[in-house]
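# A look at the structure
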Amino acid sequence: MSSKRIGVFVCHCGMNIAGSVDCDAVTEYAKTLPGVVAAVANRYTCSDPGQVEIKKAIAEHNLERVVVASCTPRLHEPTFRKAVEEAGLNPYLLEMANIREHCSWVHLHDKKGATEKAKDLVKMSVARAAGLEEQDETVVPVTAKALVIGAGVAGIQASLDLAENGYQVYLVEKEPSIGGIMAQIDKTYPTMDCSI
Amino acid sequence: MTDVGRHPKVELLAYSEVTKVTGYVGNFKVTVHRKARFVDEKECTACGDCVEVCPVTRPNEFEMGLATRKAIYSPFPQAIPPAYVLNAEDCLGHMPLACEKCSQACEKECINYDQEDEDVELEVGVIIVATGMKVFDPTVLTEYGYTKYPNVITSMEFERLINAGGPTGGELVRLDNRELPKKVAFLQCIGSRSEKKGQPYCSNVCCMNSVKDTILIKEHWPEIDVGVYYIDIRAFGKGFEDLYKRSKSHGVRYMRGLPGEIRMNEDGMLDLYVENVETGKTEKHSYDMVVLSVGLEPPDKLDEMRQMLNLSKTADGFLLEAHPKLEPVDAPTRGIYFAGCSEAPKDIKDSVTQASGAVARAGSLMCKGEITVEAITSRIIDEKCKMCGICAKVCPYNAIQFDKASKQPPKVIEAACAGCGCCGAECPFDAIVMRHFTDEQIISQIDAMLEENPMDKVVVFACNWCSYAGADFAGVSRLQQPASPRLIRTMCSARVSTKFILHAFKKGAPVVLVSGCHFGDCHYIDANHWTKKRVDKLRDQLVKLGIRGERLPLYWISAAEGQRFQKVMEEMEELRKTVTVEEVEETKRILADQEAKKKAKKKKAKKPDKEAKAATD
């Protein structure tokens, strides 16, 4: 059994999740999971009120781990990491359960199956969250130089913009001259002016 | 173009190709192969004396073969750098010298036959990929007779014919008799929107390009009869509809429906056989010039570039962005951005817009001077390490330093570690901790998933960059799937250790799927080769123990393959249904026996040690 105090936030995402997942049932189920001391359903967890709720709950319940059951972590993990960090938690103590892309959206006509799956995904996230540890990110220096591959109209524009911003640019072109296909075109639409 | 040549902050490396990229965001190391130009770029004044004496004649690529050039040449009059170039393959021979006429003619002595290719090493923080596209070659569409009939030309050839700087000085001529054509037809969607030959997508620029071309003809020669054959005219951008109307007001005829065939008759006219969509009857329309409005394709060697940069592609072959709406100029690999057609076919305005967008994104990364890297690197627990060196061997980044002779445990160079987790999965002694993706964390997910009704579930390990993203893409596309699979995300499929798989089977999983990026697409160079090796080996072991190997499938699913993900999930569900409770119980029994045997063996092996120790004590 976990000794960590975990908060679970189940997102409706409007009807995106709530349309095919019984979010209330998932929230109630979350409350029964080991370590969970608070479980709340939100209409949009990523919205400001949703994030405020997470921060409030962290303070109120002295949460040590946060699970957000919403969309893919590839979309909003940075959002929620920032939110928990602002509430004083290490951002790596956040865990997400993807109950939208991997669940509600792909089981639109199977509410029972989707709800059962969402419960499992939350359960898995809660289990993982209990074992999460604080992490410190490494700071890496950035070389303020850019490589642009290809000197057609896009590469030329990018190089000039970068150079005007003060960055050193290496512009690599495989042909003997820059210009690309644009240079071969006579007039260009919609203004009918010359390409070169 | 000239601005680039002049800007003090831009170093132009023309006639060069990127051959190797290593490193990571903020700290890329790039090797650029510079081909020998044989002409001193700084000294050459582009006087043209060398060209006059060169005896070699070759088709001029810039003029689409409608003119010739010499072996030493300038691609076009406004070329940047303006220096001439000697094409070594075309030259009669510079090694040993066969002709030497050009260098004799060059007063400034800027031709150097001894120049050699060289490799240049660069260090950069960001990379902008602006590799462009290539134009569809319509030769494969035999029904239109391109290359068979001289007056069937492509839109690119038309551009050169109508260009005042082109081979005809801007005079539009039939290629067979050099006379002004009386009737010109444009055929749209050549190589685009086709399921058979060419590409299935819309190439974005061809409709408006033809609209523009019809106006160019009509403004120069109003007497020429111009017809455009199309599927749909896509004039969706700012000012586009106006231009389309302008073309129509010039008397250009627009007809829906593409000709099925072009045939040349005895008079040298081109007969187009086309269905009149209003009457449903096939008609014959005659022209003396036909312009094939060709589509855009990914350029040659884009795949090579993609693999070098660890990027993915979409189904159309162009590069995959980090997010189609919210990060349209970012590559999934941090520090790499897209500009122009490398990401998808687009016109000049969109290419320029995207280039500026990419620069803004790149600038926001560079301006801080430093960035934070996700804390998902590996750590070695020295006390557990038996110094076998496997971790150093499997690391795709050479981020683990190990010298067996030193009798010291290996060390992880944190800045070089990308966090794939392959070392953690391969370590036989549990001596490696993958931060944020620890063994315990992953095992706890498996336990939670299979605690209740394991028979109803399929355990899916999915790598963050491809398979998990492919599942996301299936979700965004609302591709309906069976509800049995549950995904466990790891950064790379190479993180999935045999321990996790066996644990899932012990807990009653009917099916365990391991999924990752396709070979060549792995975001951790080639870590997924270890995934395959490991999973194949484990499957063989399971089969030997009497467990069905099919229950441990391995699939490669890319971030763009939402449909493939859906199909694989359907397949997994069918597979799950074939597994019986008895079979799962049998598996559990076999694995428990196996574990007991191993433990007994270990004990036996340890005992003599202890006895020996006791004796010495």
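Keep in mind the model is a prediction, meaning the values are calculated, not measured.

### Overview of the packing of aromatic side chains
- The full count for this structure, using the stated rule, is eleven aromatic pairs over all chains.
- The interplanar angle of 10 degrees and the centroid separation of 4.3 Å between the aromatic rings of B:Phe62 and B:Phe76 together place this pair among those described as stacked. Of this pair, B:Phe62 sits in the loop between strand S4 (57–59) and strand S5 (68–70) while B:Phe76 is found in the loop between strand S6 (72–73) and strand S7 (85–86), placing the two residues 14 residues apart along the sequence.
- Through pairs of rings, three or more aromatic residues link up here, namely A:Tyr189, B:Phe236 and B:Phe240.
- For the cation-ring pair, A:Arg128 lies above B:Phe437, with the distance from its terminal atom to the ring centre recorded as 4.8 Å.
- Directly above the aromatic system of B:Tyr287 lies the positively charged group of B:Lys183, at a separation of 4.7 Å from the ring centroid.

### Brief notes about the side chain of B:Asn265
Residues and elements named next belong to chain B.
- Take Asn265: it is sitting in the loop between strand S15 (261–264) and strand S16 (270–275).
- The class of Asn265 is buried, set by a relative accessible area of 19%.
- A polar contact is formed between the side chain of Asn265 and the side chain of Asp271, at a distance of 3.2 Å.

### Examining the pairing of strand S9 (residues 126–129) of chain B
- Every second residue of S9(B) is oriented toward a common face, with B:Val126 and B:Ile128 on one face and B:Ile127 and B:Val129 on the other, all of them buried.
- Of the strand pairs in this sheet, strand S6 (residues 145–149) of chain A and S9(B) are connected by four bridges, and their pairing is parallel. Along S9(B), the bridge assignment pairs A:Val148 with B:Ile128.

### Thoughts on the domain arrangement of chain B
- Along its sequence, chain B is organised into domain 1 (2–124), domain 2 (134–297), domain 3 (373–436) and domain 4 (449–617).
- Using only C-alpha atoms to locate each centre, domain 1 of chain B and domain 4 of chain B end up separated by 54 Å.

### Notes on the confidence of the model for chain B
- Put simply, chain B has an average pLDDT of 93, and 98% of its residues get 70 or more.
- Listed scores for the predicted complex are pTM 0.79 and ipTM 0.85.

### Description of the sheet that holds strand S1 (residues 10–13) of chain B
- Strand order in the open sheet formed by five strands is S1(B)-S7(A)-S6(A)-S9(B)-S20(B), and the pairing between neighbours is parallel. Two strands close off the open sheet at either side, each with one partner strand: S1 and strand S20 (336–338) of chain B. Going from strand to strand, the sheet's axes swing by 20 degrees on average, the running direction of each strand aside.
- Bridging between strand S7 (residues 168–172) of chain A and S1(B) involves four bridges; their strand directions are parallel. By the bridge assignment for S1(B), A:Val172 is matched with B:Leu13.
- Contacts from helix H6 (residues 153–164) of chain A reach S6 and S7 of chain A together with S1 and S9 of chain B within the one sheet, and its direction differs from that of S7(A) by about 165 degrees.
- Contacts from helix H8 (residues 348–366) of chain B reach S6 of chain A together with S9 and S20 of chain B within the one sheet, and its direction differs from that of S20(B) by about 165 degrees.

### Comments concerning the interface of chain B and chain A
- Each side of the interface is counted separately: chain B has 119 residues, and chain A has 85 residues.
- In total, about 8700 Å² of surface goes out of reach between chain B and chain A, with carbon and sulfur atoms giving 62% of it.
- At the boundary of chain B with chain A, the tally comes to seven salt bridges.
- Residues B:Glu374 and A:Arg81 are paired through a salt bridge, measuring 2.8 Å at the closest nitrogen-oxygen approach.
- Between chain B and chain A we count 61 residue pairs in polar contact (both at pLDDT 80 or more) in total.
- Examining the composition of the side of chain B that touches chain A, we find that ten residues originate from one element, H8(B), more than from any other.
- Looking at the side of chain B that touches chain A, its residues break down into 68 nonpolar, 26 polar and 25 charged.

Conventions we followed
Residues numbered from 1 in each chain as written. Chains lettered and ligands numbered in written order. Predicted model: local features only at pLDDT ≥ 70, side-chain atom pairs only at ≥ 80, totals over all residues. Heavy atoms only, no water. Phe/Tyr/Trp six-rings, centres within 6.5 Å; stacked < 30°, edge-to-face > 60°. Helix = DSSP H or I, 4+ residues; strand = E, 2+ residues; numbered from the N terminus. Lys NZ or Arg CZ within 6 Å of the ring centre and 35° of its normal. Buried < 20%, exposed > 50% of the residue type's maximum accessible area, 1.4 Å probe, protein only. Polar contact = N/O pair within 3.5 Å; in protein donor to acceptor, adjacent residues only side chain to side chain. Pairing = 2+ DSSP bridges. Domains from an automatic or database assignment. pLDDT = per-residue confidence, 0-100. Axes fitted to C-alpha atoms, helices over the stretch in contact; angles between N-to-C directions. Contact = heavy atoms within 4.5 Å. Buried area = accessible area lost by both parts, 1.4 Å probe. Salt bridge = Lys/Arg side-chain N within 4 Å of Asp/Glu carboxyl O. Nonpolar A, V, L, I, M, F, W, Y, C, P; charged D, E, K, R; others polar.

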